[in-house]
Structure formats: structure tokens, C-alpha cells
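For reference, the chains in residue letters:
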Amino acid sequence: MDQTFDASIYVRAPIINIANGVTLANALVAACPETAPENVAKACTKLKAAAEAGQKALTARRRVNGALSEDDVRVLDREADASFGALRMRLIATSMLPEGRFPQARRAGELVKELFGDDGLSFLIAEYPVQNTVMASIAAHIEEAGLKPEIDAVAGPEFLEQIGNVLPRYDAMVRDKLQKEAAATSNLATYVRAIQSAIVNYATKVAGMVDEDEPETVEAVRKALRPLDAHREASARRAQGGAKGEATSGAPAASPAPGAGADGAGELTAPV
């Protein structure tokens, strides 16, 4: 059996996100040698605490995200879609009337072009922040160009009244959603770095147990750090899958853990 031991592959920050970081930390704690020296036992205790804090943060994030009901968001989105869709359809319908008998028909067609352009209602299938921006720009143009009296006369006052009602609520929804997501992501990044730091500290202490003149210590350390081997191999498989078009989770990256070196010992940290 090869009794050489390369500590360098264990004492650098692993590529993790909050979920698999907690899993990895718990696996290392479970594999900690029962007869570990005091410094290793202390590092293991710190690692366990970091994992527990990360788990609590992840649970809290899910609870916060769940506070804004996705059903409520979808209902509001459909209301906004219908409001702008109804105005456009009303103007289009009016534009189809005979201009000779209904002078407003021509102006209705011009308003459709002026407000919605060639893209029509395509903005309604964009992400919430994008849709919010486009809807606000249409409303701002109506106000700045003084089009409200014309639109009320051609389509009826109900349409702009409804748009004026739904826009503030939609904007508040988007802002609330973005703020919650940004705060949760930033918070989790802190816990990811804490877990990375605790893993590096623990692995360094465990690697220090090796005495190459005593083969049993090499095997004991390898066994204790085996979860890191498994995690690294799984990351490599995911990377190969991603190169073939397999989707990977995306979010802001965490910084390398303290002790990993200025460049994270050559590894990038994974999404939170």
C-alpha cells in the first residue's frame, strides 16, 4: 500500500455551495477519529458549529423566500399583463373601425405604434424586473407626452386607471423580491466562507497527525479526510457534465477561505 501522503490536496478551500458545504462538513465531523488529539478535536467542534450555523441560515433563507408567496406574485403579474394587453387590444380594435365614420380610428393605430412599437407585448414575458422597467417607461411616456386625455377619449378612462393602480404594486413586488434575494445571497456567502475556513482548519490539523514512519497514521488520516476526496471527485464529474451542456446552479461566488492562499490554492469557490 502506498504510504506517501500529499497534504496539499486537503488543506485548501473546497469548491462548495451552502447546501453541499453543510453536507461535506457534517461528513468530516462524522469521520473524525475517536482518538484524535486535542487540537483536532477542537477544530472538529468548530467545523460542526460552522455546519450548524450554515444549516440554520439556509433554513432561514427558505423561510424568507417563502414569505413572498409565488402564487401572489403570479396573480399580480397576470393582472399587470392583462392591464397592458387590454389597453393595446382596445386601441387595436378602435383602429380597425372605418376612418371615414370614426376619426379616432387612425389616431388609435398611431397610439398603438407609439406606445408598444414593433415588439408589441413581448415585454410581458420578460423577467419581472425587466417587465417592470418597460411598463414604467410606457406610463412615463404617456404622462410626459400628455397622452392621457387622448387615450381616455379613444379607449375609455378605465384602462389608464387600472394601469395606474397596478404599476405601484408591481414595482413594490419587484423591489421587495430583489431586496430579499440580495440579502439572502449575501448572507449565505458569509456562511459558505465560514464553512470553507473551518474545513481548511480542520483538514490542516488532521493532516498534521501523519507520521510516515507509522503507516497506520497515514491510513487513519486518509479515512478521516475521505469525504473531501469524494466531494472533489463529485465536483469533477459535475464539471465534465457542465462542459457537455449540463446546467449548473448559479449565484454570486464566495471568496476563498482564509488559509487557502490569495488565489484559493488554484481553485475557485462555487456558487452560494
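Caption draft 1: Structural detail: the overall build of the protein chain. Broken down by element type, the protein chain carries nine helices and zero strands. Reading the protein chain from its N terminus to its C terminus gives the helix and strand order α-α-α-α-α-α-α-α-α. Looking at the 272 residues of the protein chain, the share that counts as buried comes to 37%. Intrachain contacts of the protein chain at a sequence separation of at least 6 include 77% that bridge at least 24 residues.

Caption draft 2: Looking closely at helix α6 (residues 148–155). Every buried residue of α6 is listed here: Ile151, Asp152, Val154 and Ala155. Count one or two residues on from α6 and you reach Gly156, which has phi positive near 110 degrees.

Caption draft 3: Quick look at the pattern of salt bridges. The tally for this structure, following the rule as stated, stands at 12 salt bridges. Taken together, the salt bridges that share partners define one network made up of Arg106, Arg107, Glu110, Glu114 and Glu150.

Caption draft 4: Here's a closer look at a negative patch on the surface. Negative charge collects at one region of the surface, where Asp211, Glu212, Asp213, Glu214 and Glu216 lie side by side. Turning to its location among the elements, Asp211 is positioned in the loop between α7 (157–207) and α8 (215–224). For Asp211, a relative accessible area of 30% corresponds to the partly exposed category.

Caption draft 5: Just the packing of helix α3 (residues 70–95) against α6, in detail. Orientation of α3 relative to α6, taken along the N-to-C sense of each, is 65 degrees, at an axis distance of 10 Å. In terms of orientation, α3 lies roughly perpendicular with respect to α6. Note that α3 runs across α6; the crossing there is left-handed. Facing α3, whose interface residues are Leu87, Arg90, Leu91 and Thr94, α6 presents Ile151, Val154 and Ala155. Looking at side-chain class alone, the contact of α3 with α6 contains five nonpolar, one polar and one charged residues.

Caption draft 6: Region of the structure containing the nonpolar core. Counting 33 residues, the largest nonpolar core has Leu28, Leu47, Ile195, Tyr202, Leu225 and Leu228 as its most contacted members. For this core, the secondary structure elements donating two or more residues are α1 (18–30), α2 (38–67), α7 and α8. No other element matches α7, which puts nine residues into this core. If we ignore the near neighbours within four places in the chain, the residues touching Leu228 are Tyr10, Pro14, Leu24, Leu28, Ile199 and Ala203. Counting 28 residues, the second-largest nonpolar core is a separate cluster that includes Leu76, Val112, Leu115 and Ala155.

Caption draft 7: Focus on the packing of aromatic side chains. What the rule picks out here adds up to three aromatic pairs. Between Phe84 and Phe123, the aromatic rings sit 6.0 Å apart at their centres with planes inclined by 90 degrees, giving edge-to-face as the arrangement. On the criterion of sequence distance, the pair formed by Phe84 in helix α3 and Phe123 in the loop between α4 (104–116) and α5 (128–144) is long-range, its members being 39 residues apart. What makes Phe123 buried here is its relative accessible area of 9%. Across the ring face of Tyr10, the terminal group of Arg232 is positioned such that the distance to the ring centre comes to 5.6 Å.

Caption draft 8: Spotlight on the packing of α4 against α6. It is the contact of α4 with α6, at a shortest axis distance of 10 Å, that shows an interaxial angle of 125 degrees. Classified by the interaxial angle, the pair formed by α4 and α6 is oblique. Pair α4 / α6 crosses with left-handed handedness. Contacts from Gln104, Arg107, Ala108, Leu111 and Leu115 of α4 reach α6 at Glu150, Ile151 and Val154. Counted by class, the contact of α4 with α6 contains five nonpolar, one polar and two charged residues.

The rules behind each value
- Residues numbered from 1 in each chain as written.
- Predicted model: local features only at pLDDT ≥ 70, side-chain atom pairs only at ≥ 80, totals over all residues.
- Heavy atoms only, no water.
- Helix = DSSP H or I, 4+ residues; strand = E, 2+ residues; numbered from the N terminus.
- Buried < 20%, exposed > 50% of the residue type's maximum accessible area, 1.4 Å probe, protein only.
- Contact = heavy atoms within 4.5 Å.
- Salt bridge = Lys/Arg side-chain N within 4 Å of Asp/Glu carboxyl O.
- Patch = residues over 30% accessible without salt bridge, like charges linked within 9 Å, V, L, I, M, F, W, Y side chains within 5 Å.
- Areas by Shrake-Rupley, 256 points an atom, 1.4 Å probe, with all protein chains shown as cover.
- Lys, Arg positive; Asp, Glu negative; His and termini not counted.
- Charge placed at Lys NZ, Arg CZ, Asp CG, Glu CD.
- Axes fitted to C-alpha atoms, helices over the stretch in contact; angles between N-to-C directions.
- Parallel < 35°, antiparallel > 145°, perpendicular 65-115°, else oblique.
- Left-handed = near helix turned anticlockwise from the far one by under 90°.
- Nonpolar A, V, L, I, M, F, W, Y, C, P; charged D, E, K, R; others polar.
- Core = buried A, V, L, I, M, F, W, Y, C linked by side-chain atoms within 4.5 Å.
- Phe/Tyr/Trp six-rings, centres within 6.5 Å; stacked < 30°, edge-to-face > 60°.
- Lys NZ or Arg CZ within 6 Å of the ring centre and 35° of its normal.

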